[in-house]
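# Tertiary structure, described
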Amino acid sequence: MPLRIGVLGTGFAGSMHAHSALAIEGAEVVAVAAVPLTDATSLAKECDARVASAEEICAADDIDLVVVATPTYLHAEHAIAAARAGKHVFCEKPLARTLADAEAMVHAADEARVTLAVGHVVRFFPEYRQAKELLDAGTLGKPAIVTMTRGNFAVGSARGWYLDEDKSGGVVLDLMLHDLDTVRWWFGEPSRIYAKRFKGNGGLEYALATIRYDDRPIVQIEASWAEHSGFRTGFELRGDRGMLVHDSRAASPIALQSPSGPAGPAMMATPTLHETPYLVQLRDLFARIARGAPPLVDGHEGLRSLALGLAVIRSADTGEVVKWKAPS
Amino acid sequence: MESTVMTERLRVGLVSFAHVHAPGLASTLGALDQVDFAGIHDDDEKRGRSAAGAHGTRFHPTLDGLFAASDAIVIATNNADHRRYTEAAAKARVHVLCEKPLATTTADAKAMIEACRSAGVQLGTAFPVRSSPAVMALKAAIAAGSLGRIRAVRATNPGQYPGSWFGDKRQAGGGAAMDHTVHAADAIRWLLGDEFSRVQADLGSFIYGLDVEDCGVMTCDLAGGAFASIDCSWSRPQTFPTWGGVTLHVVGEKGTVDIDVFRQALTHYDDTAGRTRLLGWGDDLTARMVAGFVDAIRADRPVPISGEDGLRALEVVVAGYRSAETKRPVAIADIRA
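Residues numbered from 1 in each chain as written. Chains lettered and ligands numbered in written order. Predicted model: local features only at pLDDT ≥ 70, side-chain atom pairs only at ≥ 80, totals over all residues.

When helices and strands are tallied, chain B shows 12 helices and 14 strands. Computed over the C-alpha atoms, the radius of gyration of chain B is 20 Å, within 12% of the 20 Å expected from 2.2 N^0.38 for a compact globule of 337 residues. Structurally, chain B occupies a C-alpha span of about 55 × 55 × 40 Å along its principal axes. (Helix = DSSP H or I, 4+ residues; strand = E, 2+ residues; numbered from the N terminus. Rg over C-alpha atoms; globule rule 2.2 N^0.38 Å.)

Rendered as structure tokens:
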């Protein structure tokens, strides 16, 4: 019997997950929700799925797993409804906008004995996985100083809810959270945080955080919604026996230009991997659910990374160093 | 005709070959049309004579001998000796261009500024990054308002560990933070026309087993509301294809600019040496910096990068060291008190 999926949200994440699910054997997308409902029509058609409201999907009898890819501040409402109806939940990061919401979600999933997985997809990106393997193997020696960067255009200019700090948490919970989760994955729990950020007009936002461990390493993370030429990621990982460098701008195996100016997907696809990390992430989750295993990043883990993001915001807002203790 | 040209030239001497920048400075002094390279003094006589021979100039066994032959000197000693040589030069009425950091303490830096002021000679600080055409273009764009208000700068000046006295706190005044913060700090002050107000530093000695830090990130507030960070680490491995670099990521309300000051380089895959090197071909920033200093002295105008500029950049380092000790941000005003 296939895993039957309902997708809430048709933005970047919702469509990515729906398309990924289509490519996974043993999974089918049966319903798609958006607000307004008509926004779900085209994605639903592509998936040969019905259009339904989030409430219907969370309550439906023919759905085993709900993908929550709605705006951040709505994650809790949708995930809790789905869990209470006995459905597994795959929730986009950040798990929620507030710690209280995240705790309620984790509690609801635990109570209902359903899987709550969080989409910290960077853990499925090959360059970040390879770095983790080299770190764990000791190839780089002891980590000394690490810089990580992640940038995008001012996404708030495209999707209004990102502009509302109370709904999205801004660039820290959108972009920096990926690297904060990665830092926890690579090095464990840090000891203290210092951060700065600014918000400008037109959705401009930029943040810098220094994440310290009791001894080592020093980690600096940059997150930017002022990268007007588009998405990029990078890291430099300096251990006492070597350094590892990743720069997404220098790592694309294909580049397209045309005489008519910037050329897009209409002209040709520009794939970089046969399977996207998003697809690998979902396939891994579905396989774990099938064999009754916990997800790679569960609700508790997603909650801890969210809490680190909130600590970054607190430091930036207060201008002071914030001591870190991970929620249990 | 020839004698007219000669009188217009500035006689410039070089004090010490202790600094890694000394060979570049000596080549510059030998090459600039407006300079008569007046010779080298070095308290390590063997090193000084050998350097003088290599650069086709005189070795002066005594400092007074060098001063007598010079209108100005360039100081390329270790950091802790800057004050001693600057005060001696001021006493001899010789202008000073001092390697960075200007000094290892703000008290020393202030004493140097005062010594030169009261002697009526000029004191300059060696910050070649201001001479980069890319940095100059950015300065002009910011001043013209093309980028809107500048809100954040992420600067890096990571390098290889230079060895020698650079890891000796007594001679260098610190480690990577003392060595590498000031270039970026000065560039940020100059670009934004603003002053640093608060510094949080995270420092560590993680790579070379030194008594001083080899890794560091400074996160700073500027008085006008922008913030900036400076990666000052000696983080470039020995296998890195070049000494290090200087980068600036500048975020304005109307635009974002990335600068990699030393990006102009050929990549040399060298089978003979068994390694890959970057061979820079960009403008010679040291030559432009020295020329800017020399031309100002010759024209009797203020030097473009002053001792005060050196002091302001040093204050960021000093506040950073205090912050690393206390694990809290430190106000620049507090280290002035």
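Moving on: the sheet that holds strand S6 (residues 116-119) of chain A. Residues and elements named next belong to chain A. Reading across from one edge, S3-S2-S1-S4-S5-S6 is the order of the six strands in this open sheet, with parallel pairing throughout. Each edge of the open sheet carries a strand with a single partner, namely strand S3 (50-51) and S6. Relative to S6, strand S5 (residues 88-92) runs parallel, the two sharing four bridges. Paired with Cys91 across the strands is Val118, a residue of S6. Packed on one face of the sheet, helix H4 (residues 75-84) meets strand S1 (3-8), strand S4 (65-68), S5 and S6 and runs near 165° to S5. (Pairing = 2+ DSSP bridges. Contact = placed C-beta atoms within 7 Å. Axes fitted to C-alpha atoms, helices over the stretch in contact; angles between N-to-C directions.)

Turning our eyes to something else, we now look at the interface of chain A and chain B. Contact with chain A, which involves 29 residues of that partner, is made by 23 residues of chain B. Going through the elements one at a time, strand S7 (143-151), strand S8 (192-199), strand S9 (205-212), strand S10 (218-224) and strand S12 (242-247) of chain A are the ones with two or more residues in the side of chain A that touches chain B. Considered class by class, the residues forming the side of chain A that touches chain B number 12 nonpolar, nine polar and eight charged. (Nonpolar A, V, L, I, M, F, W, Y, C, P; charged D, E, K, R; others polar.)

Residue and element names in this part refer to chain B. Spatially, S2-S1-S3-S4-S5 is the arrangement adopted by the five strands of the open sheet, whose pairing is parallel. In the strand order of this sheet, the two ends are held by strand S2 (35-41) and strand S5 (123-125), each with one partner. Neighbouring strand axes in the sheet, compared pairwise and without regard to direction, differ in orientation by 20° on average. Sheet topology places strand S3 (residues 72-75) next to strand S4 (residues 95-98); four bridges connect them, and they run parallel. For Ala72, the partnering residue across the bridge sits in S4 and is His95.

On their own, these measurements won't tell you what the molecule is for.
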